[in-house]
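What follows is the residue order along each chain.
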Amino acid sequence: MIQIKVVNTGRQPLPQYATPQSAGMDLRADITEAVTLKPLERHLFPTGLRISLPEGYEAQVRPRSGLALKHGITVLNTPGTIDADYRGEIGVVLVNVSNEPFTIEPGERIAQMVIAKHEQADFVIVEELDETERGEGGYGHTGTK
């Protein structure tokens, strides 16, 4: 397990794993009053958290499945990426894709954050790519069954 330095300037507890094998930690809305999202409206919610990730890691901000399924609330730029060199406050852009308004209360769990290792790559220009069985087969090329 890696350690992540965190500054909590908000009023909410630090993110925690809900179960021993959870991949994500819940992020909470650090707001002082409720915010109602109308259908198709988006809003940037503060979390009050600033983190310092080790080099080679990112934090991914993802929707909470219950909010998505039950209320049509999702993270607009999912997954949102927090880079290891970012030191600003983590914000969560939520959008309401339902037909009904939905209210986010102070301290409500609005997204989950997953810590992931990543690599950087260099592009190498070549004249052609190696052959594969799939080739150029793209969207839907394998059918639906």
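Above this text is the structure in question.
As the structure is a computational prediction, the values presented were derived from the model and not from experiment.

Caption draft 1: Structural detail: the nonpolar core. In this structure, F45, V92, L94, I104, I110 and M113 are the most contacted members of the largest nonpolar core, which totals 27 residues. The set of elements that each furnish at least two residues to this core consists of β2 (24-28), β3 (35-37), β5 (49-52), β6 (57-62), β7 (73-75), β9 (91-96), β10 (102-104) and β11 (109-117). Once residues within four sequence positions are removed from consideration, L94 is found in contact with L37, E41, R42, H43, F45, I73, T74, V75, I104 and I110.

Caption draft 2: Structural view of the environment of E55. By the secondary structure assignment, E55 is in the loop between β5 and β6. Given the relative accessible area of 78%, E55 is considered exposed. The spatial distance from the C-alpha of E55 to the C-alpha of K117 is 8.9 Å, given a sequence separation of 62 residues.

Caption draft 3: Inspection of the pattern of salt bridges at higher detail. Tallying each qualifying case throughout the model produces three salt bridges. Residue R11 is joined to D30 by a salt bridge in which the shortest nitrogen-to-oxygen separation is 3.6 Å. Remark: D30 occurs in the loop between β2 and β3 and R11 occurs in the loop between β1 (5-8) and β2; sequence separation between them is 19 residues. According to the relative accessible area criterion, R11 is exposed, its value standing at 52%. Linked by salt bridges that have partners in common, D26, R64 and R109 make up one network.

About the thresholds
- Residues numbered from 1 in each chain as written.
- Predicted model: local features only at pLDDT ≥ 70, side-chain atom pairs only at ≥ 80, totals over all residues.
- Heavy atoms only, no water.
- Core = buried A, V, L, I, M, F, W, Y, C linked by side-chain atoms within 4.5 Å.
- Buried < 20%, exposed > 50% of the residue type's maximum accessible area, 1.4 Å probe, protein only.
- Helix = DSSP H or I, 4+ residues; strand = E, 2+ residues; numbered from the N terminus.
- Contact = heavy atoms within 4.5 Å.
- Salt bridge = Lys/Arg side-chain N within 4 Å of Asp/Glu carboxyl O.

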